[in-house]
Amino acid sequence: MASTIKPILCVVTSHPIRGDSGEPTGFAMVELTHPLEVFEAAGIPVEVASIRGGHPPIDFFDLSDPVNDRFWKDKKFRSALADSLILKDLDPSRYSAVFFAGGHGTMWDFADSEAVQKVIREIWETGGIVSAVCHGPAALVNATLSDGSYLVAGKRLAAFTDEEEAEVNYTKVVPYLLATTLKQRGALHQPAPNWSENVVTDGRLITGQNPASAHGVGQALVYQLTTKR
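Calculation rules
Residues numbered from 1 in each chain as written. Predicted model: local features only at pLDDT ≥ 70, side-chain atom pairs only at ≥ 80, totals over all residues. Heavy atoms only, no water. Buried < 20%, exposed > 50% of the residue type's maximum accessible area, 1.4 Å probe, protein only. Helix = DSSP H or I, 4+ residues; strand = E, 2+ residues; numbered from the N terminus. Pairing = 2+ DSSP bridges. Polar contact = N/O pair within 3.5 Å; in protein donor to acceptor, adjacent residues only side chain to side chain. Salt bridge = Lys/Arg side-chain N within 4 Å of Asp/Glu carboxyl O. Phe/Tyr/Trp six-rings, centres within 6.5 Å; stacked < 30°, edge-to-face > 60°.

Break down the pairing of strand β9 (residues 129-133) for me, with residues and values.
Along β9, 5 of the 5 residues are buried, which leaves the element largely enclosed by surrounding structure. Burial along β9 is two-sided: Ile-129, Ser-131 and Val-133 facing one way and Val-130 and Ala-132 facing the other are all buried. As paired strands, strand β8 (residues 97-100) and β9 are joined by 4 bridges and run parallel to one another. Bridge assignment links Val-98 to a residue of β9, and that residue is Val-130.

Below, the structure written as C-alpha cells:
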C-alpha cells in the first residue's frame, strides 16, 4: 500500500544565523533524520525541500546519534540534502503530506514565507496531512486557509514551549515566542514538561513539542497515511 502513497514533502530552514547573537543555526538534524527513518521503514517516498534550495544549514550536528550517523553515511540522503528542492518551485498536489522539521533557523524564515503558506494551504485543503516538530510549527504561525482563517485556530497542537525557550536562553534572541504566538492565532497549545516526548494529533494536523518528539511525529504521520485513508 505504501507504494501507492504520494511522497511526503520534508521542509527545512535555509536560515543560518540565530538572530543578532551571531551564533550559527539551521535545521535540527535529529528532527529530520528520525522521521525519515520512520518514513523509509514504511516504504513511503520522501522529497526534501528548503526555503532557498541547495544545502541547508545544519544545527545540532550530532553523529553520536546512531540515526544521524546512518543517514550522514548514506550517499542518497547526502545528495538529496545537498540539492534540496526550492520550496516555491514545487507543486503541492504532488504530495500526500508536508512535514516541517525544526531548528531555530525556522523562526526567521518559515512564518512569513509565501511558499510555506501556499504548500500548507493547498495540501490541507485537498485532504493532505500537515505536520511539524519543535520549532517547525513556526510554519503554522501565518498559515491561513482560503477563507482567511488561521489553520491552527481551534486546533490542538504541540510546539517548542516558552519554558523550553527560556531554558536554552533564547527568549530574547528569537523574533517571537512560538507557543505564545500560536496561541494568539487561536491554537489550543498542549504543553508537556520540558524536553519530554509530546505528540499531538488533531485530525490531519500532527505536531510535536521538541527533538524527543520527532520520531513520534513520524510514526503518527505514517499511521494516518497507511491506516486512516
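Please provide a residue-by-residue account of the environment of Asn-210, values included.
Summarising the element assignment, Asn-210 is placed in the loop between β13 (205-208) and α8 (214-227). Looking at Asn-210, the relative accessible area reads 0%, which means it is buried. In this structure, the C-alpha to C-alpha distance between Asn-210 and Val-133, residues 77 residues apart in sequence, is 6.3 Å. Engagement of the side chain of Asn-210 in a polar contact is seen with the side chain of Glu-164, the distance being 2.9 Å.

Describe the pattern of salt bridges, listing the residues and the values that go with them.
Side-chain pairs of opposite charge can arise whenever the charged atoms involved come near each other. According to the stated counting rule, one finds 7 salt bridges in the structure shown. Put simply, Arg-18 and Asp-59 hold a salt bridge, and the shortest N to O gap is 2.6 Å. Placement of the pair is Arg-18 in strand β2 (residues 17-18) and Asp-59 in strand β6 (residues 58-59), with a sequence separation of 41 residues. Across the pair, Asp-59 and Arg-18 agree in class, each one buried. Between Arg-70 and Glu-40 there is a salt bridge; the shortest N-O distance is 3.2 Å. Of this pair, Arg-70 sits in helix α2 (residues 66-72) while Glu-40 sits in helix α1 (residues 29-41), and the two are 30 residues apart along the sequence.

Describe the packing of aromatic side chains, listing the residues and the values that go with them.
For any pair of aromatic rings, the description consists of the separation of the ring centres together with the inter-plane angle of the planes. All chains considered together, the criterion is met by 5 aromatic pairs. Measuring from ring centre to ring centre gives 4.9 Å for Phe-61 and Trp-72, while their planes differ by 80°; the resulting arrangement is edge-to-face. With Phe-61 in the loop between β6 and α2 and Trp-72 in helix α2, this residue pair connects regions lying 11 residues apart in the sequence. Centre to centre, the rings of Phe-100 and Phe-110 are 5.4 Å apart; their planes meet at 70°, and the pair counts as edge-to-face. In this pair, Phe-100 sits in strand β8 while Phe-110 sits in the loop between α4 (106-109) and α5 (114-125), placing the two residues 10 residues apart along the sequence.

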